[in-house]
Amino acid sequence: GGYWILAMCIQILYFTFMESSKYQATIGKIALGLIVTDINGGKLDFSKAFIRNICKIISNVTMLIGYIMAGFTEKKQALHDMIASTLVVKK
């Protein structure tokens, strides 16, 4: 039980720190040439990145439908991106 919660907290903090950093991306997104922005194309601050990553829990508990939505939305946003008003775009 405790390890799962610790792992989830580490994951949320990693994504939050990386996406709110000057890189605006995790290592995987950097490798793919992607960045995370706010809805206007600006850099995320820590709180915006944190909200986005906490909302990934909702995308996960919907049997990943929250992620699949990205293929069908106008701005290619997953559910957590819609909630947090964020975008993943080519750098």
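What comes next is a walk through the structure.

The rules we used
- Residues numbered from 1 in each chain as written.
- Predicted model: local features only at pLDDT ≥ 70, side-chain atom pairs only at ≥ 80, totals over all residues.
- Heavy atoms only, no water.
- Helix = DSSP H or I, 4+ residues; strand = E, 2+ residues; numbered from the N terminus.
- Rg over C-alpha atoms; globule rule 2.2 N^0.38 Å.
- Contact = heavy atoms within 4.5 Å.
- Areas by Shrake-Rupley, 256 points an atom, 1.4 Å probe, with all protein chains shown as cover.
- Lys, Arg positive; Asp, Glu negative; His and termini not counted.
- Charge placed at Lys NZ, Arg CZ, Asp CG, Glu CD.
- Patch = residues over 30% accessible without salt bridge, like charges linked within 9 Å, V, L, I, M, F, W, Y side chains within 5 Å.
- Salt bridge = Lys/Arg side-chain N within 4 Å of Asp/Glu carboxyl O.
- Buried < 20%, exposed > 50% of the residue type's maximum accessible area, 1.4 Å probe, protein only.
- Expected span 1.5 Å × (residues − 1).
- Arc of directions from axis to C-beta.

## Regarding the overall build of the chain
Looking only at helices and strands, one finds 5 helices and 2 strands in the chain. In sequence order, the chain lays out its α and β elements as α-α-β-α-α-α-β. Relative to the globule expectation of 12 Å for 91 residues, the C-alpha radius of gyration of the chain, 13 Å, shows essentially globular dimensions. Based on the C-alpha atoms only, the size of the chain along its principal axes is roughly 40 × 30 × 25 Å. Within the chain, contacts between residues separated by at least 24 positions form 52% of all contacts whose residues are at least 6 apart in sequence. About 5800 Å² of surface is accessible on the chain, with carbon and sulfur atoms providing 72% of the total. Side-chain charges in the chain split into 10 positive and 5 negative, and the spacing between the mean points of these groups amounts to 6 Å.

## Quick look at a nonpolar patch on the surface
A cluster of nonpolar side chains, Leu13, Phe17, Phe46, Phe50, Ile54, Ile57, Ile58, Val61 and Ile83, forms an exposed patch at the surface whose accessible area comes to about 760 Å². At the level of elements, helix 1 (2–19) and helix 3 (46–61) are the ones that each hand at least two residues to the nonpolar patch. Counting residues per element, the nonpolar patch draws most heavily on helix 3, which supplies 6 residues. Its place among the elements puts Leu13 in helix 1. With relative accessibility at 38%, the residue Leu13 sits in the partly exposed group.

## Notes on helix 3
Here helix 3 spans 24 Å end to end across 16 residues, near enough to the 22 Å set by a 1.5 Å rise per residue. Listing the buried residues of helix 3 in full gives Ala49, Arg52, Asn53, Cys55, Lys56 and Ser59. Taken around the axis of helix 3, the buried residues stretch over an arc of 165°, which confines them to a single face. Positive backbone phi, at 55°, marks Met63, one or two positions downstream of helix 3.

## What about the environment of Met18?
Structurally, the position occupied by Met18 is in helix 1. Separated by 11 residues in the primary sequence, Met18 and Lys29 place their C-alpha atoms 10.0 Å from one another. Residues contacting Met18, with those up to four places away along its chain left out, are Gln24, Ala25, Thr26, Ile27 and Ile30.

Shape is all these values report; function is a separate question.
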